[in-house]
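The residues making up each chain are set out below.
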Amino acid sequence: MKDAQLAEVGDDDDIYGEDGSIRQDFLTAIGAAIADRDVLFLRDHVIPLHESELGDLLESINASQRQALVKLLGADFDFAALTEVDEAIRLEIIDAMPNEQIAQALGDLDSDDAVYILEDLDEEDQAEILAQLPFTERVRLRRSLDYPEDTAGRRMQTEFVAVPPFWTVGQTIDYMRNEENLPDSFSQIFVIDPTFKLLGSVNLDRILRTRRKARIEEIMDDSRYPIPAEMDQEEAAQVFEQYDLLSAAVVDENDRLVGVLTIDDVVDVIHEEADEDIKRMGGVGDEELSDNVMSTVRSRFAWLLINLGTAILASAVISLFDATISQMVALAVLMPIVASMGGNAGTQTMTVTVRALATKDLDIYNAGRIIRREAAVGVINGVIFAVIIGVVAGFWFASPGLGTVIAAAMIINMLAAALAGILLPLLLDKVGADPAISSAVFVTTVTDVIGFFAFLGMAGLWLAHL
């Protein structure tokens, strides 16, 4: 029955539909197999999945099905899939497993994947799991866990190939053929001295094209871009981007080789950092789709509270001109236009600025030019939209004077929005705050306050001279 369901839509090897999500018939068949405890069906259709596909499957089924699927697969469950799911789902699955099973599964993973799973556990569970691993593997994982979170040391893979400079190419090839404990895949061989200090590296293609009698030191390249283990993972990703690296040595404070950072890890870092920046700009922290209601409420509450405070500040500015507004109801109708346009313009500039700061494209050397550019953009856009809203307001309320007032306020607020959008992130970055988290609420406050003050203030002066 389940096989027939899968056959209806074609190739069973493709679990995704045209929209990129997992096919509903596949999910239905897997759900039925879990309910029937059909282990043979699950082994046939789940075990062959790539770890990322299994991760998508785990995120697509409900919590009870996830737990049942992991139990039914037992030792055949691919633990690497846990690096592809939300943290909440990963912890949910791991918490239901005994530490002995986790330790056994981690022994089959690359060290970077093992660390990724271990770092979310509390220290007691970490210690108990590590104690059950072989000594060498335990030391490697503990060393990675000792590095600060979000650093290259946490992301690195401790399995690598390193040889002395005096070895020949033939010796190196024979070593790789005979040694059993080598990484599953690698593209670089590192060259070290007796103290494990990094001397250089050789690409595999260079070794394959060189005669066996040649010494490694004759063909090695200087490692010009080693990554310090303490370097922030985002900075490490920028090194990869700048120099088009596929892998890079990770070294400790004494320049000793401790691991390797590979492009697949860097792609994950880039995705993670971009995801984090977008969420922070929206004020939702590290929220995941799998989070429950209360954790989502807690994640969003703080910034909503701050936004309430800034909204009260903007309302306080409006209250200063209650007498002016009472003289002309049209002012209340037009106020949101000035504030909204300023807020959107400020958000545009802020988004570009925060991204430029994150990628190191904006610094002290070009900040002045960018500030002048954004100010010019603000003025030009302000003038264009001032003419539009001025004409609209003048005809709408049959008052050219009111059109002139809102046009002038529009220019002022658009300029303020452009300057706030670039200067506030720069200031926050200068004092050590994260612009991605803090900028939005402050930029919106500035544009609201200045927009209301400029519009109502000039309207008050205009009404006073009527």
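What this report covers is the structure whose coordinates are included nearby. (Residues numbered from 1 in each chain as written. Predicted model: local features only at pLDDT ≥ 70, side-chain atom pairs only at ≥ 80, totals over all residues. Heavy atoms only, no water.)

## Some thoughts on the overall build of the protein chain
Here comes step 1: A tally of helices and strands in the protein chain yields 22 helices and six strands.
Here comes step 2: In terms of overall size, the protein chain is more extended than a compact globule, its C-alpha atoms giving a radius of gyration of 30 Å where 466 residues would be expected to give roughly 23 Å.
Here comes step 3: Counting only C-alpha atoms and orienting by the principal axes, one finds that the protein chain spans roughly 95 × 60 × 45 Å.
Here comes step 4: Across the 466 residues that make up the protein chain, the buried fraction comes to 45%. (Helix = DSSP H or I, 4+ residues; strand = E, 2+ residues; numbered from the N terminus. Rg over C-alpha atoms; globule rule 2.2 N^0.38 Å. Buried < 20%, exposed > 50% of the residue type's maximum accessible area, 1.4 Å probe, protein only.)

## Overview of the sheet that holds strand β5 (residues 247–251)
Pairing between the strands of a sheet is mediated by backbone hydrogen bonds and can be parallel or antiparallel.
Here comes step 1: The sheet built from three strands is open, its strands ordered β4-β5-β6 with mixed pairing. Either end of the sheet is taken by a strand with one partner, and the two such strands are β4 (227–228) and β6 (257–262).
Here comes step 2: Where β5 meets β6, five bridges bridge the pair, whose relative direction is antiparallel. Pairing of alanine 249 across the sheet is with valine 260, part of β6.
Here comes step 3: Sheet strands in contact with helix α15 (residues 233–243) are β4, β5 and β6, and its direction is about 65 degrees off that of β6. (Pairing = 2+ DSSP bridges. Contact = heavy atoms within 4.5 Å. Axes fitted to C-alpha atoms, helices over the stretch in contact; angles between N-to-C directions.)

## A word on the nonpolar core
Here comes step 1: In this structure, Leu57 and Phe79 are the most contacted members of the largest nonpolar core, which totals 45 residues.
Here comes step 2: For this core, the element with the most residues is helix α2 (residues 24–36), which contributes six residues.
Here comes step 3: Those residues in contact with leucine 57, other than ones at most four positions away along the chain, are Ile22, Phe26, Leu27, Ile30, Val46, Leu49 and Leu69.
Here comes step 4: One finds Val317, Leu331, Leu334 and Met335 within the second-largest nonpolar core, a separate group that totals 30 residues. (Core = buried A, V, L, I, M, F, W, Y, C linked by side-chain atoms within 4.5 Å.)

## Things to note about helix α20 (residues 367–396)
Here comes step 1: For α20, built from 30 residues, the straight-helix expectation of 44 Å at 1.5 Å per residue is met to within 8% by its first-to-last C-alpha distance of 42 Å.
Here comes step 2: By the burial criterion, the buried members of α20 are Ala367, Ile370, Glu374, Ala375, Gly378, Gly382, Ala386, Ile389, Gly390, Ala393 and Gly394.
Here comes step 3: Next to the buried residues of α20 lie α19 (330–358) and α21 (400–430).
Here comes step 4: Just beyond α20, the residue with positive phi is alanine 398, at close to 50 degrees. (Expected span 1.5 Å × (residues − 1).)

## Regarding empty space enclosed by the protein
Here comes step 1: For the structure shown, the criterion picks out one cavity of 30 Å³ or more.
Here comes step 2: Estimated volume of the largest cavity: approximately 40 Å³.
Here comes step 3: Every residue along the wall of the largest cavity is listed here: Val46, Ile47, Leu49, Leu54, Leu73, Asp76, Phe77 and Asp78.
Here comes step 4: Considering only residue class, the lining of the largest cavity consists of six nonpolar, no polar and two charged. (1 Å grid on protein atoms, 1.4 Å probe; cavity = no way out; pocket = protein on both sides within 12 Å on 5 of 7 lines; lining within 4 Å. Points joined across faces, edges and corners; volume = space filled by probe spheres on them. Nonpolar A, V, L, I, M, F, W, Y, C, P; charged D, E, K, R; others polar.)

## What to know about the pattern of salt bridges
Here comes step 1: Applying the stated criterion to the full structure yields 11 salt bridges.
Here comes step 2: For glutamate 119, the salt bridge identified is with arginine 154, shortest N-O distance 2.7 Å. Here glutamate 119 is found in the loop between α8 (111–118) and α9 (123–131), whereas its partner arginine 154 is found in helix α11 (residues 152–155), with 35 residues between them in sequence.
Here comes step 3: Residue classification places arginine 154 among the buried residues on the basis of a relative accessible area of 15%.
Here comes step 4: Note that glutamate 374 and arginine 373 form a salt bridge whose closest N and O atoms lie 2.5 Å from each other.
Here comes step 5: Judged by relative accessible area, arginine 373 falls into the partly exposed class, the value being 42%. (Salt bridge = Lys/Arg side-chain N within 4 Å of Asp/Glu carboxyl O.)

## Re the pairing of β6
Here comes step 1: Counting buried positions over the six residues of β6 gives six, a clear majority of the element.
Here comes step 2: Taking the residues between adjacent antiparallel strands as the criterion, β5 and β6 are bridged by five residues, where aspartate 255 takes a positive phi near 65 degrees.

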